[in-house]
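# Observations on the model geometry
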Amino acid sequence: MRAIPAVAALFLVSAEDSQCPPGFSGYVSTSDCKAFFQCHDGNVVSPTTTCMGGTIFNEFLNVCDFESNFVCGSTRAPTKPPTPRPTNKPTPPLVPTTDAPSLPPQTRAPNANTGIEDALQYASYDMDSKLFVYEAGWSDWLPSTQYRFDGFIRALRVMYLEGVGD
């Protein structure tokens, strides 16, 4: 949660418990932390100002802060309660309920996709000059030096032979 700056979240109240520590200059909160006042050299120099609802004065940050972010009377954030121990025993690891495959995966013949490669080879010039391009300048499209037809075909072969493209 975000802190609310003190100057933006205040209105004036009476100065009942406004006391400054001797020689202190800065902001001090009231005993309930719902208001604050300013001290200079141990003297109160401002009226007591109340933080808006739901906030208390955080002397560490000098802002009206949400109560969940600050412990009144200290300069530290509230400690979180320890995480309770689990009441149930952890579940045992799952064991597969089906048998492992009995047949090894089928391999493909390396030349089985030659028809597709031949059709793509026929279009290799167009792919290099019109598909694998990058924009240089405002409207100049140049053939890519990174992405080329030969790399594209090698990647397709790997996907086909290893089954990645299934």
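Structure: above.
Since the model is a prediction, treat every value here as computed from it, not as a measurement.

About the thresholds
- Residues numbered from 1 in each chain as written.
- Predicted model: local features only at pLDDT ≥ 70, side-chain atom pairs only at ≥ 80, totals over all residues.
- Heavy atoms only, no water.
- Salt bridge = Lys/Arg side-chain N within 4 Å of Asp/Glu carboxyl O.
- Helix = DSSP H or I, 4+ residues; strand = E, 2+ residues; numbered from the N terminus.
- Buried < 20%, exposed > 50% of the residue type's maximum accessible area, 1.4 Å probe, protein only.
- Phe/Tyr/Trp six-rings, centres within 6.5 Å; stacked < 30°, edge-to-face > 60°.

## Focus on the pattern of salt bridges
- Evaluation of the coordinates by the stated rule reveals 4 salt bridges.
- Across the pair Asp126 and Lys130 runs a salt bridge, and its minimum N-O distance is 3.8 Å. Separated by 4 residues within a single helix, Asp126 and Lys130 lie in helix α2 (residues 124-131), roughly one turn from each other.
- The exposure class assigned to Lys130 is exposed, which follows from its relative accessible area of 63%.

## Quick word on unusual backbone geometry
- A positive phi angle, near 65°, is found at Cys33, a position not held by glycine.
- Residue position: Cys33 is located in the loop between β3 (26-29) and β4 (35-40).

## Details of the packing of aromatic side chains
- Throughout the structure, instances matching the rule amount to 5 aromatic pairs.
- Taking the centre distance of 5.8 Å and the plane angle of 75° together, the rings of Tyr27 and Phe36 count as edge-to-face.
- Judged by centre distance (6.3 Å) and plane angle (55°), the rings of Tyr27 and Phe57 are tilted. Of this pair, Tyr27 sits in strand β3 while Phe57 sits in strand β7 (residues 55-58), placing them 30 residues apart in sequence.
- Taking relative accessible area as the criterion, Phe57 reaches 0% and is therefore assigned buried.
- Grouped by ring-pair contacts, the aromatic residues Tyr27, Phe36 and Phe57 constitute a single cluster.

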